[in-house]
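Spelled out from the first residue to the last, the chains are:
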Amino acid sequence: MGLPKLVCVLFAACCCCRRATGVPGEEKQPVLTPDLVEAEVGSTALLKCGPSRASGNFSQVDWFLIHKERQILIFRVHQGKGQREPGEYEHRLSLQDSVATLALSHVTPHDERMFLCKSKRPRLHDHYVELQVFKAPEEPTIQANVVGIHVDRQELREVATCVGRNGYPIPQVLWYKNRLPLQEEVNRVHIQSSQIVESSGLYTLKSVLSARLVKEDKDAQFYCELSYRLPSGNHMKESKEVTVPVFYPAEKVWVEVEPVGLLKEGDHVTIRCLTDGNPQPHFTINKKDPSTGEMEEESTDENGLLSLEPAEKHHSGLYQCQSLDLETTITLSSDPLELLVNYVSDVRVNPAAPEVQEGESLTLTCEAESNQDLEFEWLRDKTGQLLGKGPVLQLNNVRREAGGRYLCMASVPRFPGLNRTQPVSVGIFGFPWMALKERKVWVQENAVLNLSCEASGHPQPTISWNVNGSATEWNPDPQTVVSTLNVLVTPELLETGAECKASNSLGSNTTTIVLKLVTLTTLLPESSQTTGLSTLTVSPHTRANSTSTEKKLPQPESKGVVIVAVIVCTLVLAVLGAALYFFYKKGRLPCGRSGKQEITLPPTRKSEFVVEVKSDKLPEEMALLQGSNGDKRAPGDQGEKYIDLRH
């Protein structure tokens, strides 16, 4: 029972005592029940002087606070006007609506008291008003035991702590496990609650749940609930749910493998041990040695995991886990688990180094090892072209073009991505054949050039040059060699040119490189066909005993030639502009006129506008150079062509 209620009871008892003793000359007063007013903290409470049904002109009223059986004057009403008395309520009291209602603003928990109203005009019985204050607590917070509880412990252990702050009056707390309320139970469940009174008069409630947990509580959800009352009715707030670590010994152990399902070489495989205990004990992973039949311990990482990355054929076998519980010193072993890594290995091609004369036939056979059914495919290495399926590849009437690398790919159809490839190089006997028979290079004297030469053959040829320079070689494949010569352009080199010679045991072949000096005379017609004078072009040449496609080699560059090219282009544009201006002045151009007009030249000069174009372009480049009648050059045609501007 609160202090205000106690005062009220004592006051009522005093009145009854006075009525019982019968004080002489005093009229008997009826026993009055105080009016109950409810208000939330921070709101305004309305105190009425008399029951709500009372009416009349309250022109003179005194309001008192009952404190420790004393009546303390806090407000006066005289002739309908209010007057505050000095004290704690001096600045929070005012008249509301009528002089019969006193408003108390900014209610606090300290205002939960008994108030007395004495009306002198009209003359009425004393009227008591009891003020009750309410405040909803904040959302409850819960803190679980993070250390954990062992099921073998006999004593009660703290499970969680619930705190509800700043409520009034003190809220009620209820605990739940898996949505079912918990009740006090001897040696099983104990709930201890306490409260703190803040300086504001509000209460902070703290409740501790202690219990003995079992193995089945490892996933149990605990939470607390605060029940409280407001003027609007009963309410409640719940905390979040928490779990508590529960420790118990293991009863069995087993092996797990990731990923689940069929495994193949190259997969990232992880082997781990698990038990039904908590916490997980120390593990060892053992594998059966196929030669001795003994289980041997495998090396694991700091987390006790065995990682096979990548998985290989020899990783297949029987694995077993062992656990040691340090709490109970009990050792448990799992059932053996057979791990199978599907594989393809030892891909072989017979013969390993095949050689054949041109025009003959060749048979290649592919073999491989696997624990699954295999499928074989034959591919051309350079192009990736599929040549056939099956373990045997038959090559009939082979030509030089058939030489080079082939691939045998052995794969398992039911395991996409499980395959192995074995290359084999087929040698076609023959003397060297050159990528280019002849080439023409425009150069500038004293420039440094990189001349390239490519030859193929079996046996693999060697390359030599007839001029001095720094040569480097590399081999794109076992039958091909590319040589690059770094030389300085001298008058002697311009006169003799350069020759690259490829030789093997069956013969030799050459590529001739003709060097031509760049001059304004030679560059003028060429400037309309080439994008840069420093670009080396090669002439196609159809050779006997060769059906290969001509290739472009790396082109040397000359900065000096580029500068000359820019100058020549500028001169050509100037000449062309002058010619157009001349035709315009003669009235031969239809500038600004309607209709069409033929560009004509004086008959005596028509034959002068014939431009001779000498080209050493490749066939694919020459296709762009056509006469006005649209005729294309034939591939390999290196003769001189003319563009007649008269047509």
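For every chain, the first residue of the written sequence is number 1, and numbering continues from 1 onward in sequence order. pLDDT decides what is reported in this predicted model: residues at 70 or higher carry local features, side-chain atom pairs at 80 or more are listed and counted, and totals for whole chains, interfaces and linings draw on all residues regardless. Values reported for side chains reflect all heavy atoms of the structure, with hydrogen atoms and water molecules removed beforehand.

(A) Here's a closer look at the pairing of strand β4 (residues 70–78). A pair of strands counts as paired when DSSP detects no fewer than two bridges linking them. Numbering of helices and strands starts at the N terminus; helices are DSSP runs of H or I of at least 4 residues and strands are runs of E of at least 2. Here strand β3 (residues 60–67) runs beside β4; their pairing, made up of eight bridges, is antiparallel. Along β4, the bridge assignment pairs I66 with Q71. Between β3 and β4, which pair antiparallel one after the other, the connecting turn spans two residues, and K68 there sits at a positive phi close to 55 degrees. Relative to strand β5 (residues 81–84), β4 is paired through four bridges, and the arrangement is antiparallel. Within β5, the position partnered with H78 by the bridge is K81. The hairpin turn running from β4 into β5, its antiparallel successor, is two residues long, and Q79 in that turn takes a positive phi close to 55 degrees.

(B) Looking closely at the pattern of salt bridges. Should a side-chain nitrogen of Lys or Arg be within 4 Å of a carboxyl oxygen of Asp or Glu, the pair is scored as a salt bridge. Following the criterion strictly, the structure yields 19 salt bridges and no others. With a shortest N-O distance of 2.9 Å, E38 and R229 are connected by a salt bridge. Residue E38 is located in strand β1 (residues 35–40), and its partner R229 is located in strand β17 (residues 222–230); the two are separated by 191 residues in the primary sequence. Using a relative accessible area of 28% as the deciding quantity, one classes E38 as partly exposed. For the salt bridge of K264 with D267, the shortest nitrogen-to-oxygen distance reads 3.2 Å. Relative accessibility thresholds used throughout: buried, under 20% of the residue-type maximum; exposed, over 50%; partly exposed, between the two (1.4 Å probe, protein chains only). Overall, K264 belongs to the partly exposed group, its relative accessible area being 21%. Among the ionic contacts, a cluster of salt bridges with common partners joins D62, R76, E85 and K120.

(C) Structural context of unusual backbone geometry. Residue P169 is reached from Y168 by a cis peptide bond, and omega for that bond is -10 degrees. Within the secondary structure, P169 is located in the loop between β12 (157–167) and β13 (172–177). Cis rather than trans, the peptide bond between H458 and P459 has omega equal to 0 degrees. If you trace the backbone, P459 turns up in the loop between β39 (448–458) and β40 (462–465). With a phi close to 70 degrees, R179 is a non-glycine residue in the positive phi region. Locating R179 in the fold gives a position in the loop between β13 and β14 (180–181). For D346, which is not glycine, the phi torsion reads 50 degrees and is therefore positive. Within the secondary structure, D346 sits in strand β30 (residues 344–350).

(D) How the structure looks around the sheet that holds β4. Ordered in space as β1-β9-β8-β3-β4-β5, the six strands form an open sheet in which the pairing is mixed. The open sheet has two edge strands, β1 and β5, and neither has a second partner. Shown here is a sheet whose adjacent strand axes are inclined to one another by a mean of 30 degrees, direction ignored. Sheet topology places strand β8 (residues 114–121) next to strand β9 (residues 127–134); four bridges connect them, and they run antiparallel. Across the sheet, C117 pairs through a bridge with H127, a residue of β9. Axis definition: a line fitted to C-alpha atoms, over the contacting stretch in the case of helices. Angles run 0 to 180 degrees between N-to-C directions.

(E) Structural detail: the pairing of β9. Taking burial as the measure, the eight residues of β9 include eight buried ones, the bulk of the element. Here β9 shows no split at all, with H127, V129, L131 and V133 on one side and Y128, E130, Q132 and F134 on the other all buried. Two strands pair when backbone bridges link them, and β1 and β9 are joined in this way by six bridges, in the parallel orientation. Paired with E40 across the two strands is F134, which belongs to β9. The loop that links β8 with its antiparallel partner β9 comprises five residues.

(F) Just the nonpolar core, in detail. We define a nonpolar core as any set of buried Ala, Val, Leu, Ile, Met, Phe, Trp, Tyr and Cys residues linked to one another through side-chain atoms lying within 4.5 Å. The biggest cluster of nonpolar side chains holds 26 residues, and the ones touching the most others in it are W63, I74, F115 and L131. Broken down by secondary-structure element, the contributors of at least two residues to this core are β1, β2 (45–48), β3, β4, β7 (98–104), β8 and β9. In terms of residue count, the dominant contributor to this core is β7 (four residues). Any pair of residues with heavy atoms lying within 4.5 Å of one another is described as a contacting pair. Residues in contact with L131, not counting those within four places in the same chain, are V37, A39, A45, L104, D111, E112, R113 and F115. Of all hydrophobic cores here, the second largest spans 23 residues; its members include I149, V189, A211 and Y248.

(G) Representation of the packing of aromatic side chains within the structure. Side-chain rings of Phe, Tyr and Trp, where Trp is taken by its six-membered ring, are said to pair if the distance between their centres is within 6.5 Å; with planes under 30 degrees apart they count as stacked, over 60 as edge-to-face, and otherwise as tilted. Evaluation of the coordinates by the stated rule reveals three aromatic pairs. Residues Y89 and F115 carry aromatic rings whose centres are separated by 6.0 Å and whose planes lie at 75 degrees to one another, so their mutual orientation is edge-to-face. Note that Y89 is positioned in the loop between β5 and β6 (93–96) and F115 in strand β8, a separation of 26 residues in sequence. Since its relative accessible area comes to 1%, F115 is described here as buried.

By themselves, these are just geometric observations and shouldn't be taken as functional.
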